[in-house]
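Residue strings, one per chain:
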Amino acid sequence: MSYRDAYQEWLENPYFDEKTRAELKALEGNDKEIEDRFYKELEFGTAGLRGVIGAGTNRMNFYTVGKASQGLANYIIEMNGQEKGVAIAYDSRRMSPEFADAAALCLNANGIKAYVFESLRPTPELSFAVRTLGCIAGINITASHNPAEYNGYKVYWEDGAQITPPHDENIMAAVKSLDITSAKTMEKEQAIAAGLYIPIGKEVDDQYIAELKKQVKNQDAIDAVQKDIKIVYTPLHGTGNIPARRILKELGFENVYVVKEQELPDGDFPTVGYPNPESDKAFELAVKLGNKVGADLLLATDPDADRLGVYVKGDEPGRYHILTGNMSGSLLADYELSQMKEAGTLPEDGALIKTIVTTNLADDIAKYYNIDLIECLTGFKYIGQQILQMEQTGKGHYCFGFEESYGCLIGTHARDKDAIVATMALCEAAAYYKTKGMSLWDKMKEMYEKYGYWQDGIQSIELKGKEGIEKIAGVLEQLRENVPTEIAGYKVLSARDYREDTIKNMVTGEVTPTGLPSSNVLYYDLEDGAWVCVRPSGTEPKLKFYYGIKGSDFDDAKQKRATLGQYMIDLVNGMLK
C-alpha cells in the first residue's frame, strides 16, 4: 500500500475516530507531510516505540499504541505470563496518561492485569516496580529527553531491564504481524471492577526510596555538612521533582533549592525547547539560581528522571564546571568503589560495566581497584543484561555501571539508569569530599592527575524524514566499504563492525568476533589510546559519532579532542554531499 493509499484508508475507515480524521483532512495538499506520516509504520524497535505525536502510521497515537500493546499481550499469553501482570508508568509529556490507559485497557481486554501508577513516576521506579510486583513485563510511556512533540513506549521484561534478545525480537515480530485495527480494548470502569486495572502509588514509592537509602555509604559525612552544602536542583518539568527532593530531605540535606520555573510537570517544556540535561540551555535557570544562593552543585534530571546532568562549583566565584556524563559517571564510580574498598566490602570478583561509547577512564578506574571491566553495546538494557547474567551464573558481582549519555545505576534495585539514586549519590559524594576540604571539582582534577587526562566527545548530525534515514545508512555503508586506515593523524589499529560481528586487526588482517549482539555500529581503536565510534541514534533521526583521547595535561587533551571531533564532522559531511 502506498502512503497515499494508507492516508486515504485512515480518512475513510470508521475505525479511526472523528478527531483523527479531521487532523488528517486538514493536511490535504501537503503531500510532503502526508508522506512523512504514512510512508512507513512507526517501527517497534528493540526498546519499543518513539515518535512525533499525531495521526498516521508513522506517529505516536492511540492506534500505534494499541497495536504495540496487542502484540505485547499476544506474546505474554504465548509465554504463559498473563497471571503475573504488567506494571505501567508514564511521564509528564503530552498524552502520556492517555497512552498509559490505552495500553492498560488493551492488556485488560486480553485478560492481563495492569498495575498502573496513579500519577507520573520516574523510569527507574517503573523498573523497580516490575521486579517488586513480580510482573512479567513493564511499559513506560516516555520519550525521555526528546523535544516536546515526541512521546514513546518503552517495554521492560520481568528482570526489570528493557527487553533484550530473544524477547525484543519476538515482541517485535508479534507487533509486526498485526493490523493496526486489531487491538482489543475495554471500558476502564469495567476493567477496574474486574480487578484487571489496578492503581499503584505510595506503597511502591516508599519501597523504592527505602532501597535507595540502602546505597548510602557515608551518612556521617552528610550529617557533618548537611547545614553547609548547598544544592540547586531542577526536574526540567518532568518526573524527578518529588522523589529527588524526598530522598535528599530524608537523608538530611537542608539547603536544596529548586528552580521554580521548571518545578512543575509540563509536557510543553516552556522554559527549555530541548529538555536534556546534556544541553547548556537546560541549565541556564539553574546557573542563575546557583549564583544567587552560592550553590556547591547544580543538578538536572531529564523528564523521565533516568539521566542526570551535573554542574559543580569551580575555583573562581560564580563559575561552574560542566561535568559530562563520562565525568560524572567516572566520579561516582571512583567514589562508590573507594568507599567499598575502605569498608572492606569490595568483592574480589567485582565488575564495573560500561557501554562501548563510554570513556576509557572507566577502564583505568577498574584496573586501579582490581575489578573486571565489562563492555557492552550502547543502551542501559545491556548493562541490566550483564547484572542478570551475574545473578543467574553466580559469577561476578555488579559494583557500578554507567554510560556516557548521563546515566548510571548504583545498586540493583532497578535495571535501568536511575537519576534519583545518582542525585542522592552525587550529593553524598559532595558532602564526603567537603569533609575532606575538597569540592567535587577538586576531586575531578585529582582523578585526572591519578588516571590520566582523558577527554571524550560526541557529535551528531540531524537528518529528518525518509531521505535522512537513507543518508544515515549510506554513510555507514561507505565506511564499511572503505575502512579507514588513519583518522585525524591516528593510525587505525583495529576496526570493529558490530553488525557483522567482526574485529579486524588492521596490522595483521586477522578477523575475530566481537562477542556482542548484532548492532549497526562501527568502532575504530586508534593508536595512543584514542578511539572513534559511529552509529545511528536509536531514538532520534541523527547520525552520532563518539570519540575519546588521552592527553598529557588539560590543554593538550582539549586540543586533541577538538581536532578529532572536527575531523569527524568534516569526514561525515563530505560523505553526505
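Reading the values: rules and limits
- Residues numbered from 1 in each chain as written.
- Predicted model: local features only at pLDDT ≥ 70, side-chain atom pairs only at ≥ 80, totals over all residues.
- Heavy atoms only, no water.
- Pairing = 2+ DSSP bridges.
- Helix = DSSP H or I, 4+ residues; strand = E, 2+ residues; numbered from the N terminus.
- Axes fitted to C-alpha atoms, helices over the stretch in contact; angles between N-to-C directions.
- Contact = heavy atoms within 4.5 Å.
- Parallel < 35°, antiparallel > 145°, perpendicular 65-115°, else oblique.
- Left-handed = near helix turned anticlockwise from the far one by under 90°.
- Buried < 20%, exposed > 50% of the residue type's maximum accessible area, 1.4 Å probe, protein only.
- Polar contact = N/O pair within 3.5 Å; in protein donor to acceptor, adjacent residues only side chain to side chain.
- Nonpolar A, V, L, I, M, F, W, Y, C, P; charged D, E, K, R; others polar.
- Core = buried A, V, L, I, M, F, W, Y, C linked by side-chain atoms within 4.5 Å.
- Salt bridge = Lys/Arg side-chain N within 4 Å of Asp/Glu carboxyl O.

Student: Please clarify how the sheet that holds strand S12 (residues 350-355) should be interpreted in this entry.
Tutor: Backbone-to-backbone hydrogen bonds join strands into a sheet, with any given pair of strands oriented parallel or antiparallel. Read across the sheet, 4 strands follow the order S13-S12-S14-S15 without closing on themselves; strand pairing throughout is mixed. Of all strands in the sheet, those bounded by a partner on one side alone are strand S13 (372-376) and strand S15 (407-409). In this sheet, neighbouring strand axes are inclined to one another by 20° on average, regardless of whether the strands run parallel or antiparallel. For strand S14 (residues 397-403) and S15, the ladder comprises 3 bridges, and the chain directions are antiparallel. Of the residues in S15, the one forming a bridge with Phe-402 is Cys-408. The strands touched by helix H15 (residues 380-393) within the sheet are S12, S13, S14 and S15, with S14 carrying the most contacts at an inclination of about 175°.

Student: Teacher, can you tell me more about the packing of helix H4 (residues 62-78) against helix H7 (residues 167-176) here?
Tutor: Between two packed helices, both the angle of their axes relative to each other and the distance between the axes serve to describe the pair. For the pair H4 and H7, the least separation of the axes is 8 Å and the interaxial angle reads 120°. Taken together, the axes of H4 and H7 are oblique relative to one another. Like other packed secondary-structure pairs, H4 and H7 cross with a definite hand, here right-handed. Mapping the contact onto sequence places Lys-67, Ala-68, Gly-71, Leu-72 and Tyr-75 in H4 and His-167, Asn-170, Ile-171, Ala-174, Val-175 and Lys-176 in H7.

Student: Explanation requested: unusual backbone geometry in the structure shown.
Tutor: Note: most residues except glycine have negative phi, and most peptide bonds are trans. The peptide bond linking Pro-165 to Pro-166 adopts the cis configuration, its omega dihedral lying at 0°. On the secondary structure map, Pro-166 appears in the loop between strand S5 (150-157) and H7. Located in the positive-phi region is Asn-370, a residue other than glycine, with phi close to 60°. On the secondary structure map, Asn-370 appears in the loop between helix H14 (361-368) and S13. On the accessibility criterion, Asn-370 (65% relative accessible area) is exposed. In this structure, Asp-501 takes a positive phi of about 60° despite not being glycine. Look at Asp-501 and you get partly exposed, because its relative accessible area is 32%.

Student: Quick question: what am I supposed to make of the side chain of Ser-330 here?
Tutor: Mapped onto the elements of the fold, Ser-330 is located in helix H13 (residues 325-343). In this structure Ser-330 comes out as buried when scored by relative accessible area, which is 0%. At 2.7 Å, the side chain of Ser-330 forms a polar contact with the backbone oxygen of Asn-326. Other than its neighbours up to four places away in sequence, Ser-330 contacts Thr-359, Leu-361, Ile-365, Phe-402 and Met-447.

Student: What's the story with the packing of H4 against helix H5 (residues 96-109) in this structure? I'm lost.
Tutor: Between H4 and H5, whose axes approach to 9 Å, the crossing angle comes to 35°. The way H4 lies across H5 gives a crossing that is right-handed. Across the interface between the two elements, Phe-62, Val-65, Gly-66, Ser-69, Gln-70 and Ala-73 from H4 touch Glu-98, Phe-99, Ala-102, Ala-103, Cys-106 and Leu-107 from H5. Its residues placed into classes, the contact of H4 with H5 shows 8 nonpolar, 3 polar and 1 charged.

Student: Got a minute to help me understand the environment of Ser-338 in this structure?
Tutor: Secondary-structure assignment places Ser-338 in helix H13. Along the sequence, Ser-338 and Asp-223 sit 115 residues apart, while their C-alpha atoms lie 20 Å from each other. There is a polar contact of 3.2 Å between the side chain of Ser-338 and the side chain of Gln-339.

Student: How do you make sense of the nonpolar core when you look at a structure like this?
Tutor: Across soluble globular proteins, you tend to see nonpolar side chains buried next to one another. Counting 100 residues, the largest nonpolar core has Phe-253, Leu-297, Leu-352, Leu-440, Met-444, Tyr-524 and Val-532 as its most contacted members. If you tally residues by element for this core, the top one is helix H16 (residues 419-435), at 13 residues. In this structure, Leu-297 is in contact with Ile-229, Lys-230, Ile-231, Val-232, Tyr-311, Val-312, Leu-426, Cys-427, Ala-430 and Leu-440, ignoring residues within four places of it in sequence. If you look at the next biggest cluster of nonpolar residues, it comprises 37 residues, including Ala-103, Leu-105, Ile-139 and Trp-157.

Student: What is the right way to look at the sheet that holds strand S8 (residues 255-258) in this model?
Tutor: In space, the 5 strands of this open sheet follow the order S8-S7-S9-S10-S11, with mixed pairing throughout. What marks the edges here is a single partner per strand, and that holds for S8 and strand S11 (320-323). Taken over all neighbouring pairs, the strand axes of this sheet differ in orientation by 20° on average, direction set aside. Here strand S7 (residues 230-234) pairs with strand S9 (residues 297-301) via 4 bridges, running parallel. Its bridge partner being in S9, Val-232 is matched across the sheet by Leu-298. Sitting on the sheet, helix H12 (residues 284-293) is in contact with S7, S8, S9, strand S10 (308-313) and S11, with an inclination near 160° to S7.

Student: Explain the pattern of salt bridges here, please?
Tutor: Any two side chains of opposite charge can pair, on the condition that their charged atoms come close. Scanning the model with the defined rule gives 45 salt bridges in all. Lys-443 serves as the salt-bridge partner of Glu-446, at 2.7 Å between the closest nitrogen and oxygen. Pair noted here: Glu-446 and Lys-443 are both in helix H17 (residues 440-451), with a separation of 3 residues, about one helical turn. A relative accessible area of 34% places Glu-446 in the partly exposed class. Overall, the relative accessible area of 9% leaves Lys-443 in the buried class. A salt bridge links Asp-525 to Arg-496; the nearest nitrogen and oxygen atoms lie 2.9 Å apart. A residue pair is termed long-range when its members are at least 10 positions apart, and Asp-525 in strand S21 (residues 522-526) and Arg-496 in strand S18 (residues 490-497) qualify at 29 residues.

Student: Whenever I open this one, the environment of Val-259 confuses me. Can you help?
Tutor: Tracing the backbone through its elements, the reader meets Val-259 in the loop between S8 and H12. Under the relative-accessibility criterion, Val-259 is labelled buried at 1%. With near-sequence residues (within four places) excluded, Val-259 lies in contact with Val-232, Tyr-233, Thr-234, Leu-285, Ala-286 and Leu-289.

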